[in-house]
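Each chain is listed here by its residues.
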Amino acid sequence: MMTQETLAPKLRLREVGRQFVAPGTGQLATAVTGVNLEVATGEFVCVCGPSGCGKSTVLNLIAGLDVPSAGTIEANGKPITGPGADRGVMFQDYALMPWMSAFDNIGFGLRHGTPGKPFTPEQREARIRQFVDLVGLKGSEKKYPHQLSGGMRQRVALARLLANGPDILLMDEPLGALDAQTRLILQVELLQIWGETAPVGERKTAVFITHDIDEAVFLGDRVVVMSTLPGRVKAIIPIDLPRPRTEMIRADASFSILVEQIWSLIRDEAYRAIHEK
Amino acid sequence: MTTTTGSTASANGSRWNAVLYATLLPAILVLAWQAWAMTLPADTRAPSPARAVAAFVNLVASGELILATAQSLGRVLAGFAFALLAGVGLGVLMGSSRRIRDNLDPIVESFRPIAPMAILPIAILWFGTGTAASLSIVTYAAFFPMLLNTIHGVSRVDRKLVLAAMTMGVPRLRILTKVVVPGALPGVLLGSRLAMGVAWTAIIAAELAVGAKTGAGGTSGGIGQMMFVFFAYSIDLNGIVVCMIVVGVVALLIDRLFRVAEYWLMPWRQ
């Protein structure tokens, strides 16, 4: 905690809002409003909330794929003007190029991104291999995405994200499409790859979107709870569970208390959403 | 053991049955045609299967048929190449930029309904009666399926892939060549197949029409011209039948070739 306070925030969102003109009615709708958030270097922040709370909007704004209609967003103290290789994004459905092998997908950003990046073809290949090994894809790197299982595709997407060397990892429900068992295994692996066992200063900074409260508590240093109509931050819950975290932690009483605390914040809206549908 | 042999035998049997069914009706029709032709007087001009085969053998032996086919195919390939370059280039621009599409769409849509044959008078006036005239018609005919399918292919590229490339710091032009173009490849290949089909149809019609202008001994050449000469000068119906069959077989082969090309160019789609 001390180290986080002495370091300047990696990401700073101040009074961020996003409005858009609703198709059909032509009326102005608010996706998110008044979002204030600071993320420290090496911190793993999970954003959790019912569907329609604007959690993906916040991620897209940080990624620079969307522009806020109010407020400011800064990364490393500089305002964000558009997408950039310093903020890597992992999409929910992975967004892998279907015409490329896993290997070429992982190397896509290294090959075509950030002009002037000093990589010789040999260095690039070595770096791709390094991440193929890291995410456990060895032997499958020549396959096309459609030949891989959901879990394997997710690994390719993770390797692509990391190989490009971003400062900040932005992940939009990356485990959402997986079955429950694979999901639990990959949560542990994700924390290891993020740098859970390394000192805080050497970890990547991560913003992780999920609708799964259990997942948010298991992964995060803090959980940002959002609510709907309009999308806004309802609470920010610190997760003071020890790291490295293992499966065992789910059996811990403090874990259940945190999950219950967050659920109580979301419950009413979640029920309302079901009845409205 | 017995069951395995039995099932392979029946699998083979069903394949042979399929071949049999596919060829039975054509065989009956050809036989009926031949039977009918044999009831006619010996000096008739009416075509018959036996005479068509004889004409085919003669035309191949003299080299005329092969030369004419090669000439027509050469024009089709050249026209197709022009259409491919123009159609894919313009299609990628129109597909990825709304402003360009809004600008060009009215022009494209007003030319599109004009049949390739309808521009023949202008083609002959501008380019004469040689290769250039028929080439321009083929290019015109092949251009539209190429363009429209490329636009469609580009519009169907997953938007997420473009966003993903943007977040990896890939510059715009690179995204166009490395994400949009390969993503649009299914559309481009479909467009190519259709374009090649209409190009082949158009070349025969164009050569026929140009032949009508130049007459026998015209320099235009090609299968269409050959058909015109058989029609207007030697009144050789058997020759015309041979040309028609060659046109059909070549079209079939081109189509099959494209299916193989699709298989090789898009290994991820199998």
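Residues numbered from 1 in each chain as written. Chains lettered and ligands numbered in written order. Predicted model: local features only at pLDDT ≥ 70, side-chain atom pairs only at ≥ 80, totals over all residues. Heavy atoms only, no water.

Topic: the overall build of chain A
Scanning chain A for helices and strands turns up nine helices and ten strands. On C-alpha atoms alone, chain A measures out to a radius of gyration of 19 Å, which is about the 19 Å that the 2.2 N^0.38 rule sets for 277 residues. Taking the principal axes of the C-alpha coordinates as reference, chain A spans close to 55 × 45 × 45 Å. Looking at chain A as a whole, 51% of its 277 residues are labelled buried. Sequence-distant contacts, at least 24 apart, represent 70% of the contacts inside chain A between residues at least 6 apart. Side chains of chain A carry 30 positive and 31 negative charges; the gap between the two charge centres is 5 Å. (Helix = DSSP H or I, 4+ residues; strand = E, 2+ residues; numbered from the N terminus. Rg over C-alpha atoms; globule rule 2.2 N^0.38 Å. Buried < 20%, exposed > 50% of the residue type's maximum accessible area, 1.4 Å probe, protein only. Contact = heavy atoms within 4.5 Å. Lys, Arg positive; Asp, Glu negative; His and termini not counted. Charge placed at Lys NZ, Arg CZ, Asp CG, Glu CD.)

Regarding unusual backbone geometry
Residues and elements named next belong to chain A. Each neighbour pair has its own omega, and for arginine 243 with proline 244 the value is -10°, a cis peptide bond. Within the element layout of this structure, proline 244 appears in the loop between strand E10 (232-238) and helix H9 (253-276). Even without glycine at this site, asparagine 76 takes up a positive phi of about 55°. As for its placement among the helices and strands, asparagine 76 is situated in the loop between strand E4 (70-75) and strand E5 (78-79). Owing to a relative accessible area of 39%, asparagine 76 belongs among the partly exposed residues under this scheme. Not every positive phi belongs to a glycine, and alanine 95 is a case in point at roughly 50°. Assignment of secondary structure puts alanine 95 in the loop between strand E6 (87-90) and helix H3 (102-106).

Observations regarding the interface of chain A and chain B
If you look at the interface, chain A gives 24 residues, while chain B gives 19 residues. Of the roughly 1900 Å² buried at the junction of chain A and chain B (both faces included), carbon and sulfur atoms supply 71%. Counting every contact that joins chain A to chain B gives one salt bridge. A salt bridge links Asp93(A) to Lys160(B), with the shortest nitrogen-to-oxygen separation between them at 3.4 Å. Mapped onto the side of chain A that touches chain B, the elements with two or more residues apiece are E6 and helix H4 (108-112) of chain A. Among the elements that take part in the side of chain A that touches chain B, H4(A) stands out by supplying four residues, more than any other. (Buried area = accessible area lost by both parts, 1.4 Å probe. Salt bridge = Lys/Arg side-chain N within 4 Å of Asp/Glu carboxyl O.)

A closer look at the pattern of salt bridges
Evaluated as defined, the whole model comprises 25 salt bridges over all chains. Measuring nitrogen to oxygen at the nearest pair gives 3.0 Å for the salt bridge that ties Glu215(A) to Arg183(A). Of this pair, Glu215(A) sits in helix H8 (residues 213-219) while Arg183(A) sits in helix H7 (residues 180-194); the two residues are 32 residues apart in sequence, bridging distant segments of the chain. The class for Glu215(A) is buried, based on a relative accessible area of 0%. A salt bridge links Asp255(B) to Arg193(B), with the nearest nitrogen and oxygen atoms 3.3 Å apart. Placement of the pair is Asp255(B) in helix H11 (residues 237-265) and Arg193(B) in helix H9 (residues 185-214), with a sequence separation of 62 residues. On the basis of relative accessibility, which here comes to 23%, the residue Asp255(B) falls in the partly exposed class. A cluster of three or more residues bridged by salt bridges with shared partners is formed by Arg12(A), Arg14(A), Glu38(A) and Glu74(A).

Points about the sheet that holds E6(A)
Residues and elements named next belong to chain A. An order of E6-E7-E8-E3-E9-E10 is seen for the six strands of this open sheet, with the pairing classed as mixed. Every other strand in the sheet has two partners, leaving E6 and E10 as the edge strands with one partner each. Neighbour to neighbour, the strand axes of the sheet diverge by 20° on average, direction disregarded. Relative to strand E8 (residues 205-210), strand E7 (residues 168-172) runs parallel, the two sharing five bridges. The residue of E8 that forms the bridge with leucine 169 is alanine 206. Contacts from helix H2 (residues 55-63) reach strand E3 (44-48), E6, E7, E8 and strand E9 (222-227), with the element oriented near 150° to E7. (Pairing = 2+ DSSP bridges. Axes fitted to C-alpha atoms, helices over the stretch in contact; angles between N-to-C directions.)

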